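A structural walkthrough
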Amino acid sequence: TANNNFLQYNYGGMYKNTAQNVAAGADARITFQVTYVNGTLDVVASSRLTTTHAGLYIITAGVISATIGSTFTVVTGGAFNTGTVIAGIIQADMRAYVTKPVYLSAGTNLELWVRNSGGAAMAISTGTNGSILTAAKVG
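In what follows, the accompanying structure is described. If you're wondering where the values come from, they're calculated on a predicted model, not measured in any experiment. (Residues numbered from 1 in each chain as written. Predicted model: local features only at pLDDT ≥ 70, side-chain atom pairs only at ≥ 80, totals over all residues. Heavy atoms only, no water.)

Looking only at helices and strands, the protein chain features 0 helices and 13 strands. Along the chain direction, N to C, the helices and strands of the protein chain fall in the order β-β-β-β-β-β-β-β-β-β-β-β-β. Put simply, the protein chain has 139 residues, and 41% of those count as buried. The contacts in the protein chain between residues at least 6 apart in sequence include a share of 71% that link residues at least 24 apart. (Helix = DSSP H or I, 4+ residues; strand = E, 2+ residues; numbered from the N terminus. Buried < 20%, exposed > 50% of the residue type's maximum accessible area, 1.4 Å probe, protein only. Contact = heavy atoms within 4.5 Å.)

Structure below.
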């Protein structure tokens, strides 16, 4: 039988299917509507992934918008620059995704935040080819 820490039973991800706009000069947490999860990586209603077991995770994230050049971060601290795990630049194409291996403790919350440094509102792209946050336990 598989134990609670078996590798392929520890993955999850989220993507958007409804519009979200971020005001000029503002930070905002990306809210997700579609989730998939298997096993012990918990997806909670507040648009975050929560690890159940400590270990090495591969985190992939990206924010897609027609407003390019601003930054996004995956954080553990509940704000744009608090407990940053990975960071990237927003792009208008699929090359925006960033992947990084990170050791995480049990109970770590992962959230995707964006900082709109432009002078106009930023519309976040939706769908499976839009903004995502995923995690998979690999060790």
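Before going further, it helps to examine the pattern of salt bridges. All told, the structure shown has 3 salt bridges when counted by the stated rule. A salt bridge links R29 to E111, with the nearest nitrogen and oxygen atoms 3.1 Å apart. Remark: E111 occurs in strand β11 (residues 109–115) and R29 occurs in strand β3 (residues 27–29); sequence separation between them is 82 residues. A relative accessible area of 27% means that R29 is categorised as partly exposed. For E111, a relative accessible area of 3% corresponds to the buried category. Via salt bridges that share partners, R29, R48 and E111 belong to a single interconnected network. (Salt bridge = Lys/Arg side-chain N within 4 Å of Asp/Glu carboxyl O.)

A separate point is the pairing of strand β13 (residues 132–137). Counting buried residues in β13 gives 5 out of 6 residues, a clear majority hidden from the surface. Bridge analysis of strand β1 (residues 10–15) against β13 gives 5 bridges, and the strand direction is antiparallel. Residue Y11 lies in a different strand from β13, and its bridge partner there is A136. One ladder, built from 6 bridges, connects strand β7 (residues 55–62) with β13; its direction is antiparallel. (Pairing = 2+ DSSP bridges.)

We now examine the side chain of K137. Secondary-structure assignment places K137 in strand β13. The exposure class assigned to K137 is buried, which follows from its relative accessible area of 4%. Side-chain polar atoms of K137 contact the backbone oxygen of G139, separated by 2.7 Å. (Polar contact = N/O pair within 3.5 Å; in protein donor to acceptor, adjacent residues only side chain to side chain.)

We now examine the environment of A120. Of note, A120 is situated in the loop between β11 and β12 (122–124). A120 has contacts with V22 and A24, leaving out every residue within four places of it along the chain.

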